[in-house]
Amino acid sequence: PSRLPGFAGTVVRFQAAPALGARFAQALLEMAAGGGTTALRDDGLEHFFYVLEGNVAVTAGTQTRVLGAGGYAFVPPGTAYGLRAEGDAGRVAWVKRPYEALPGIAPPAARFGDRADVPRDTTNRPGRYIQFLLGTGDLAFDFEMNLMGFEPGSHFPCIETHIMEHGLLMLEGQGNYLLGRDWHEAWTGDFIWMGPFVPQQFYCTGWGPAAYLLYKNVNRDVAF
Ligand code: UGY
Ligand code: MN
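Residues numbered from 1 in each chain as written. Chains lettered and ligands numbered in written order. Predicted model: local features only at pLDDT ≥ 70, side-chain atom pairs only at ≥ 80, totals over all residues. Heavy atoms only, no water.

1. Regarding the environment of Ala-69
- With respect to the secondary-structure elements, Ala-69 resides in the loop between β4 (63-67) and β5 (71-75).
- A relative accessible area of 52% places Ala-69 in the exposed class.
- As for Ala-69 and Gly-90, which are separated by 21 residues in sequence, their C-alpha atoms are 9.1 Å apart.
- For Ala-69, the contacting residues outside a window of four places in its chain are Val-51, Leu-52, Glu-53, Gly-54 and Asp-114. (Helix = DSSP H or I, 4+ residues; strand = E, 2+ residues; numbered from the N terminus. Buried < 20%, exposed > 50% of the residue type's maximum accessible area, 1.4 Å probe, protein only. Contact = heavy atoms within 4.5 Å.)

So this is what it looks like as structure tokens:
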């Protein structure tokens, strides 16, 4: 557990960071009732918050929303943000990274949403679905946050590998994850960082559906 300046009543557990080789950071925020940021912060980064538990007031610039479990917020680069656990304790998944600007394309605006309101795309996905929490194919975004869902026994059609990296947080259920050549059992609450080009595959096991929250960098050329 880490404690950070600018937060009160909040334990931060970093799960991925540049120190690991990742080009983003992901952390779990565990906030006591009333805990969160002590003032609005602007670190120049872009941020994504996903509420796992509790009711959390999230501020992005001039807008504040109280989000329950499944609620999420995107904070554009250079925008002040704040968090506060209302009433009870709250748990939040936090992704942050420097924004890669493109000439002629403005960064996306702040956005709030809820998992329950995002359509489940099941096209060519037997027993599976994907929810694009921030949409897909919009060049203004340099990352996607997607929810991947699986019925027991379902799996990807092949082992995949790609230049994009992932931060994966198991939200529910369980399954077996292939990373490189090794299978790992993944349970609710587990976190996986997948570096670029790591071969990956998932099989949903157990008696109930599984779902995970997935960070993926997209829409940008390679850097030399
Ligand atoms: O979108 C993806 O890259 C996804 N299929 N990868 C994954 O879930 N490991
Ligand atoms: Mn992938």
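2. Some points on the coordination of the manganese ion (ligand 2)
- Of the protein atoms, only Glu-160 (OE), His-162 (NE2), His-166 (NE2) and Gln-200 (OE1) coordinate the manganese ion (ligand 2), at distances of 2.1 to 2.3 Å.
- Classification of the site at the manganese ion (ligand 2) rests on its six donor atoms, whose angles at the metal span 76 to 176°, yielding the label octahedral.
- Of note, the manganese ion (ligand 2) draws all its donor residues from one chain, in the sequence arrangement E-x1-H-x3-H-x33-Q. Placement of Glu-160 in the loop between β9 (143-150) and β10 (166-172) and of Gln-200 in strand β14 (residues 200-205) is noted, with a sequence separation of 40 residues between them. (Donors = N, O, S within 2.8 Å, 3.2 Å for Na, K, Ca; no water. Tetrahedral: all angles 85-135°; square planar, octahedral: opposite > 155°, others 65-115°.)

3. Observations regarding the environment of Ala-17
- Following the sequence through the fold, Ala-17 ends up in the loop between β1 (7-16) and β2 (25-37).
- Once the C-alpha coordinates of Ala-17 and Ala-27 are considered, the two residues, 10 residues apart in sequence, prove to be 8.6 Å apart.
- Other than its neighbours up to four places away in sequence, Ala-17 contacts Ala-22, Phe-24 and Ala-25.

4. What to know about the site of ligand 1
- Inspection of the region around ligand 1 gives Met-148, Phe-156, Glu-160, His-162, His-166, Tyr-177, Gln-200, Tyr-212, Leu-214 and Lys-216 as its neighbouring residues.
- The side chain of Tyr-177 places a nitrogen or oxygen atom 2.8 Å from a nitrogen atom of ligand 1.
- Tyr-212 has a polar side-chain atom sitting 2.6 Å from an oxygen atom of ligand 1.
- Protein contacts shield 91% of the accessible area of ligand 1, which totals 270 Å² for the unbound molecule. (Near = heavy atom within 4 Å. Polar contact = N/O pair within 3.5 Å; in protein donor to acceptor, adjacent residues only side chain to side chain. Areas by Shrake-Rupley, 256 points an atom, 1.4 Å probe, with all protein chains shown as cover.)

Keep in mind that these numbers describe shape and distance, not what the molecule does.
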